[in-house]
Amino acid sequence: MATDIRLKEALPEITEAIVASYAEQPRTIHLSHKPLPSREAVCEIVSDLFEILYPGYWRRQNLHMGNVEYHVGDLVDGLHDKLTQQIARALRHDFAEDNPKIDFEAMAQQKAIELLKRLPDVRAILESDVQAAFEGDPAAKSYHEIIFSYPGLEAITVYRIAHELLLLGVPLVPRMITEFAHNKTGIDIHPGARIGSGFFIDHGTGVVIGETCDIGTNVKLYQGVTLGALSFPRDAAGNIIRGMKRHPTLEDDVVVYANATILGGDTVIGHHAMIGSSVWLTHSVPPFTAVSLEKPSLRIKAPGSLEQGLLYQI
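To keep things clear, this report deals only with the structure shown in the data block. (Residues numbered from 1 in each chain as written. Predicted model: local features only at pLDDT ≥ 70, side-chain atom pairs only at ≥ 80, totals over all residues. Heavy atoms only, no water.)

On to the nonpolar core, then. Tyr54, Leu83, Ile87, Leu165 and Ile177 are the most contacted members of the largest nonpolar core, which totals 42 residues. Counting residues per element, this core draws most heavily on helix 5 (residues 104–136), which supplies 11 residues. Dropping the residues within four chain positions of it, isoleucine 177 is found in contact with Val42, Val46, Val158, Ile161, Ala162 and Leu165. Core analysis: the second largest hydrophobic core is formed by 29 residues, Cys213, Val225, Leu227 and Val291 among them. (Core = buried A, V, L, I, M, F, W, Y, C linked by side-chain atoms within 4.5 Å. Buried < 20%, exposed > 50% of the residue type's maximum accessible area, 1.4 Å probe, protein only. Helix = DSSP H or I, 4+ residues; strand = E, 2+ residues; numbered from the N terminus. Contact = heavy atoms within 4.5 Å.)

Turning our attention to helix 8 (residues 173–185). Over its 13 residues, helix 8 extends 19 Å from the first C-alpha to the last, a length consistent with the 18 Å expected when each residue adds 1.5 Å. Those residues of helix 8 lying buried are Val173, Pro174, Ile177, Thr178, Ala181 and Thr185. Down the axis of helix 8, the smallest arc covering the buried residues is 135°, so these residues share one side. Packing partners of the buried residues in helix 8 comprise helix 3 (39–53), helix 4 (68–94), helix 7 (151–167) and strand 1 (188–189). Where helix 8 ends, the next residue or the one after it, glycine 186, has phi of about 80°, a positive value. (Expected span 1.5 Å × (residues − 1). Arc of directions from axis to C-beta.)

Right, let's get into the packing of aromatic side chains. Under the criterion given, the structure shown has 7 aromatic pairs. Seen from their ring centres, tryptophan 58 and phenylalanine 148 are 5.7 Å apart, and the 85° between their planes marks the pair as edge-to-face. Taken together, the positions of tryptophan 58 in the loop between helix 3 and helix 4 and phenylalanine 148 in helix 6 (residues 143–149) put the pair 90 residues apart, joining distant regions of the chain. Counting every residue linked through ring pairs, the aromatic cluster contains Phe50, Tyr54, Tyr57, Trp58 and Phe148. (Phe/Tyr/Trp six-rings, centres within 6.5 Å; stacked < 30°, edge-to-face > 60°.)

Here it is, written out as structure tokens:
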């Protein structure tokens, strides 16, 4: 017990050293009277939005046309308050200096209302995404199975919410939302990407879609696909030049198979093109093009082949 007491005597010194590091490394602290958006609250907002976008699938069952309006009205009312608070926090933090003349709550309320107004349009495009999944995956037995269990649809849904918030000029929250989906599904879609209707990600784990991607309608990606950037251009001072198109464009009806990598802001994949598995592509291809690797040479060792010297090559 005496030893434990002596060891605990070091704790004030440890605390002092940790606090001193806050002054030495100020980029990784937020000591302010302006609270940041809450990660827990943002996750709750996403859950509520899923209840509205896919009614009857998640928390509340036994919904029908006689009671669904009351249920949705209750969710919309709560979302108005939750969104307003979290968006106001993000807006207030985004301003470098306090300005008492700016009513951040009023600004946030306008953006929250506008997002809620857009939900019918978001539902329409999500229905096309569900349809694309059903038509693009022969293993899918029903729309219900897709909505319940496809990580690709979950990531796309979260992206479509986050994208609308980004278009409304909301800072921080859109990226928080997509990282929530990234953590759950392994699919990383930046909210700034522009993605058309009928989008399907099959399996999905490891898919990365960069900020300045442009993706047309009826595009299908498989697991491990990266739509990324080449090395970043820098200015004379060595700083990354931001605001440029860094990620590729995929036109309508493109299919990209597993583990393919497509890089560069000038790279355009023409409509109805097919990019094969494990392809590394940094230049454009015209419409109706199929891009694939040469067939690999396989070496197959039969049982006991090492002892008998038997080796088959295909």
